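# Structure assessment
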Amino acid sequence: MSNGEHQNTVTLTVDGVDVTVPEGTRVIEAAERVGVVVPRYCYHPGIPTRPAQCRMCLVEVEGRPKLEPSCTLQAEDGMVVLTASKTAEDARQAVIEFLLVNHPLDCPICDAAGQCMLQDFAYVTNQLESRMDEPKQIMGRDRISDDILYFADRCIICTRCVRFMRDVAHDDALIVAERGHKSYIDTFPGRELNNPFQGNIVDVCPVGALVHEDFVFKARAWDMDATASVCPGCSTGCNVTIDTKENQIVRMKPRHNSKVNSYWMCDYGRKHLVMTNRGVRAEVPMIRDGDKLRATDWETAISWVARQMEIVGHETGSAVISPQMSNEDLSLLWSLLNWLQIEKVEFQVSSGETASLPSVPKLKLRADRAPNAFGLELFGAERVQHLSSETPESPLVVMGDLLQDAPEKFGMGASFFLYLGTRLPEAARNAHAILPVVTFAEMDGTFTNFEGRVQRFHQALNPPGIARPGWMVLSRILAELGTGDVISDVRSAFDHLVKNEQAFEGLSWDGIGLKGAPVRGGHEEVKNLVPS
Amino acid sequence: MPGEVKVVSRPKGEASYARAAAKGMRITLKHLLNPAKKTQQYPDEKWELSPRVRGTHRMAVHEDGRAKCVGCGLCPTVCPVNCIKLVPAEDENGERYAAIYEIDEFRCIFCGYCQEVCPVEAIHLGVHYENAEYSRERWVYDLERLCEQEHDVTALWDPSDPASQ
């Protein structure tokens, strides 16, 4: 793995395959490079400490008398590692047998079933029957924080959760209480588990011992569909996987991205996203008919909006945009605003308390509670504290959900008030046309995070009613006005973005992949582009 | 050649109905003499069913009347025709149970996979086939109705010879 840096490498053989890795790499990681997954419980790539206590990753090294735990063993030049030799497999089988002595085998009602490492490796080691005659000990369950349940019987004391709290979150709230077969995970006496990143202990748990209370008994692993996405909770843009079932978000898990969130995400993000299931949504386009809004179909609505805009003409107006909108939405919207010659574009970001994870400097719950404020700044929108309440008699475009707290008469005086949103707040009733758009979970697109990293998210849910992605709706209005083509796939929308906004130059939908890419070469350069 | 009809002459023995009529009468007489081969007086007289007949479902219950189902979701997963609807929930003791459990008997193909897969031996098929309803909705059996069924449950295999040897 030569990456141009002056780093010594070593070459070892894992199961007969040569692999060259940087010096200091553990054997378990070297084995992964040649596609060999050594069974493991206590080892987690995101947790720095490796106590080698589960004894599951034992491998045979030629020339050494005993088996070695591959998670702590450093790769050396000329080392010959056998991960699947008879001795190693016997040792693993013995470990599994011990782990299953008191494991309740309640897989049918366990929320981890199907995604459980104990299940996986028990199958691999073919441990079908127990030789234990004694009854299993029953420990019951406990609540170790206000939203996490601990099923002590299922626990295999890998201590991943304890070490995540101690070594990653730098919070000594969790301990292993008691010793031997009586051990269990508990909070330190007198301490409470109350950390903004504590939800990650559920993700690191290799079995079903730690479960979120709002997920318990909700869905089986095989019932859920997983979609790669980006958390919209704050401007960090943590990479996540959205698990959906029956068109509802049931769970969120962090997705590894070493450039952003490593293996983790905050609790605010988890809860925030699951909340997006709720609320009454805008489902059909509505256009003004006298003093009423009338529901209609897309074709009528779009040609009506285009006609109204032609009547209003190129009049200087204003626009208010939500920082929840994707880059593609913004790109198409700016084309429309340019047509209308609107230059005053405002956006408002709700802010909240910040929280940080000490060992991952970039991962923070940031004060800006929106995913694309930076994208809006790139486009040249102006950040305001409060939306201006009086509207001059000129065109007004509102995109996104930011009218919840707007005064009742918001936009009353506008000569043409176009509202594109996912919900129907009171103030939207003053609009001349309401075009229902979808949330980030219901479409494909990209967000630009706090440091200018463009990251893709994918459609996880079906949109309500006949709501459509904002970029699709806007491109149809533009086509109706005769200034563009109809765009109906996200790649073309992204191409539109790249073509029209210089900061995004050189990016491509396939090129940014699932891990994202920085705009215009990175953070520093971007800062210069943004008029502050 | 238009207008020509081909006339086939069959042998007398085949063309006559006498032979077939005699054959039919022979069967009638045989059944008349054999009491085992008579029309069954169905609603009054019923078939004796094998214990392995797979019919209407039945849910096993605990002594206190609760369904034995733990809501694990294996039966809706294994069901080849998706006729089982299950929504699990947590009861006041923190145990998993089926908040909604419905089987559409109309859609069911009575394969018996649900009984086979059940980890707590709660859902069974039954030795019962007489289902008639005035509406399709009535064919969707909810948990209460499944628990109320009283017919024998199906033996999917012979207990003395589980591997069918």
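Computed from a prediction, not measured in an experiment: that's the story for all the values here. (Residues numbered from 1 in each chain as written. Chains lettered and ligands numbered in written order. Predicted model: local features only at pLDDT ≥ 70, side-chain atom pairs only at ≥ 80, totals over all residues. Heavy atoms only, no water.)

## Overview of the interface of chain B and chain A
Every contact between the two is made by 12 residues of chain B and, on the other side, 10 residues of chain A. Note on chain B versus chain A: buried area summed over both sides is about 900 Å², and carbon and sulfur give 59% of it. Our count for the contact surface shared by chain B and chain A stands at two salt bridges. Where chain B packs against chain A, one counts five residue pairs in polar contact (both at pLDDT 80 or more). (Contact = heavy atoms within 4.5 Å. Buried area = accessible area lost by both parts, 1.4 Å probe. Salt bridge = Lys/Arg side-chain N within 4 Å of Asp/Glu carboxyl O. Polar contact = N/O pair within 3.5 Å; in protein donor to acceptor, adjacent residues only side chain to side chain.)

## Some remarks on helix H4 (residues 160-168) of chain A
Residue and element names in this part refer to chain A. For H4, the buried fraction is high: eight of the nine residues fall into the buried class. Among the residues of H4, those classed as buried are Arg-160, Cys-161, Val-162, Arg-163, Phe-164, Met-165, Asp-167 and Val-168. Those residues of H4 that are buried lie in contact with helix H3 (117-124), strand E8 (174-177), strand E9 (184-187), helix H5 (200-204) and strand E10 (210-212). Just past H4, the residue His-170 takes up positive phi, approximately 50°. (Buried < 20%, exposed > 50% of the residue type's maximum accessible area, 1.4 Å probe, protein only. Helix = DSSP H or I, 4+ residues; strand = E, 2+ residues; numbered from the N terminus.)

## Here we look at the domain arrangement of chain A
When its domains are assigned, chain A resolves into domain 1 (9-97), domain 2 (100-223) and domain 3 (286-349 + 371-529). Relative placement of domain 2 of chain A and domain 3 of chain A: their C-alpha centres are 45 Å apart. (Domains from an automatic or database assignment.)

## Some remarks on the sheet that holds E10 of chain A
All names here are of chain A. The sheet built from three strands is open, its strands ordered E6-E7-E10 with antiparallel pairing. Every interior strand has two partners, whereas the edge strands, strand E6 (141-145) and E10, have only one. Across the sheet, the axes of successive neighbouring strands diverge by a mean angle of 30°, strand direction being ignored. Two elements, strand E7 (residues 148-151) and E10, share three bridges in a ladder whose sense is antiparallel. The partner of Ile-148 across the bridge, within E10, is His-212. (Pairing = 2+ DSSP bridges. Axes fitted to C-alpha atoms, helices over the stretch in contact; angles between N-to-C directions.)

## Some thoughts on the environment of Val-305 of chain A
Residue and element names in this part refer to chain A. Inspection of the secondary structure puts Val-305 in helix H7 (residues 298-312). Residue Val-305 is classed as buried on the basis of its relative accessible area, which comes to 0%. With residues near it in sequence (within four places) discarded, Val-305 still touches Phe-416, Leu-418, Ala-433, Leu-435 and Ile-477.

## Examining the pairing of strand E25 (residues 453-457) of chain A
Residue and element names in this part refer to chain A. Within E25, five of the five residues are buried, leaving the element largely enclosed by the surrounding structure. Neither face of E25 is left uncovered, since the one carrying Arg-453, Gln-455 and Phe-457 and the one carrying Val-454 and Arg-456 both have all their residues buried. With antiparallel pairing between neighbouring strands as the criterion, strand E24 (residues 445-448) and E25 make up a hairpin whose turn holds four residues, including Gly-452 at a positive phi of roughly 80°. Bridge count for E25 against strand E26 (residues 517-518) is two bridges, and the pairing is antiparallel. What sits directly across from Val-454, in E26, is Ala-517.

## Here we look at the layout of surface pockets
All names here are of chain A. Counted as a void, the second largest pocket has a volume near 850 Å³. Together, 32 residues line the second largest pocket, and Ser-322, Gln-324, Asp-401, Leu-402 and Gln-404 are the ones closest to its centre. Ranked by the residues each element gives to the lining of the second largest pocket, the list is headed by helix H6 (residues 267-275), at three residues. Residue composition of the lining of the second largest pocket, by class: 15 nonpolar, 11 polar and six charged. (1 Å grid on protein atoms, 1.4 Å probe; cavity = no way out; pocket = protein on both sides within 12 Å on 5 of 7 lines; lining within 4 Å. Points joined across faces, edges and corners; volume = space filled by probe spheres on them. Nonpolar A, V, L, I, M, F, W, Y, C, P; charged D, E, K, R; others polar.)

## Some details on the environment of Ala-60 of chain B
Residues and elements named next belong to chain B. Locating Ala-60 in the fold gives a position in the loop between strand E1 (55-59) and helix H3 (74-78). For Ala-60, a relative accessible area of 17% translates into the label buried. As a C-alpha pair, Ala-60 and Val-81 span 21 residues in sequence and 22 Å in three-dimensional space.

## Considerations on the packing of H7 of chain A against helix H10 (residues 470-480) of chain A
Residue and element names in this part refer to chain A. Running from N to C, H7 and H10 point in directions that differ by 55°, and their axes come no closer than 9 Å. Considered as vectors, H7 and H10 are oriented oblique to each other. At the point where H7 passes H10, the crossing takes the right-handed sense. The residues of H10 that touch H7, namely those facing Trp-298, Ile-302, Ser-303, Val-305, Ala-306 and Met-309, are Val-473, Arg-476, Ile-477 and Glu-480. Taken together, the residues of the contact of H7 with H10 break down into seven nonpolar, one polar and two charged. (Parallel < 35°, antiparallel > 145°, perpendicular 65-115°, else oblique. Left-handed = near helix turned anticlockwise from the far one by under 90°.)

## A closer look at the packing of helix H8 (residues 327-340) of chain A against H10 of chain A
Residue and element names in this part refer to chain A. Running from N to C, H8 and H10 cross one another at 20°; their axes reach a closest spacing of 8 Å. Considered as vectors, H8 and H10 are oriented roughly parallel to each other. In this structure, H8 crosses over H10, and the sense of that crossing is left-handed. Only Gly-470, Trp-471, Leu-474, Ser-475, Ile-477 and Leu-478 of H10 make contact with H8, whose side of the interface consists of Glu-328, Asp-329, Leu-332, Leu-333, Ser-335 and Leu-336.

## Comments concerning helix H2 (residues 18-33) of chain B
Taking 1.5 Å as the rise per residue, H2 of chain B with 16 residues should run 22 Å; its terminal C-alpha atoms sit 23 Å apart, in good agreement. The buried count for H2 of chain B comes to zero of 16 residues, which makes it a mostly uncovered element. (Expected span 1.5 Å × (residues − 1).)

## Overview of the pattern of salt bridges
For the structure shown, the criterion picks out 29 salt bridges over all chains. Note that Arg-154 of chain A and Asp-106 of chain A form a salt bridge whose closest N and O atoms lie 3.0 Å from each other. Of this pair, Arg-154 of chain A sits in the loop between E7 and H4 while Asp-106 of chain A sits in the loop between helix H2 (86-99) and H3; the two residues are 48 residues apart in sequence, bridging distant segments of the chain. There is no split in this pair, since Arg-154 of chain A and Asp-106 of chain A are both buried. A salt bridge links Glu-133 of chain B to Arg-145 of chain B; the shortest N-O distance between them is 2.7 Å. Residue Glu-133 of chain B is found in the loop between strand E4 (123-126) and strand E5 (140-141), and its partner Arg-145 of chain B is found in helix H5 (residues 143-148); the two are separated by 12 residues along the sequence. Take Glu-133 of chain B: its relative accessible area is 25%, and that puts it in the partly exposed class. Several salt bridges share partner residues, and in doing so they unite Asp-203, Lys-253, Asp-267 and Arg-270 of chain A into one network.

## Some thoughts on the sheet that holds strand E13 (residues 248-254) of chain A
All names here are of chain A. Read from one edge of the open sheet, three strands run E11-E12-E13, paired in antiparallel fashion. The open sheet has two edge strands, strand E11 (225-230) and E13, and neither has a second partner. Between one strand and the next, the sheet's axes are offset by a mean angle of 30°, whatever the strand orientation. In this sheet, E13 lies alongside strand E12 (residues 239-245) in antiparallel orientation, the contact comprising six bridges. The residue of E13 that forms the bridge with Asp-243 is Arg-251. Helix-sheet contacts for H6 involve E12 and E13, and the interaxial angle to E13 is about 160°.

## Quick notes on the nonpolar core
Residue and element names in this part refer to chain A. Counting 126 residues, the largest nonpolar core has Tyr-41, Phe-164 and Ile-201 as its most contacted members. Leaving out residues up to four positions away in the same chain, Ile-201 has contacts with Ile-144, Ile-148, Cys-161, Phe-164, Met-165, Leu-174, Leu-193 and Leu-210. Counting residues in hydrophobic clusters, the runner-up holds 21 residues, among them Val-10, Val-21, Ile-28 and Cys-71. (Core = buried A, V, L, I, M, F, W, Y, C linked by side-chain atoms within 4.5 Å.)

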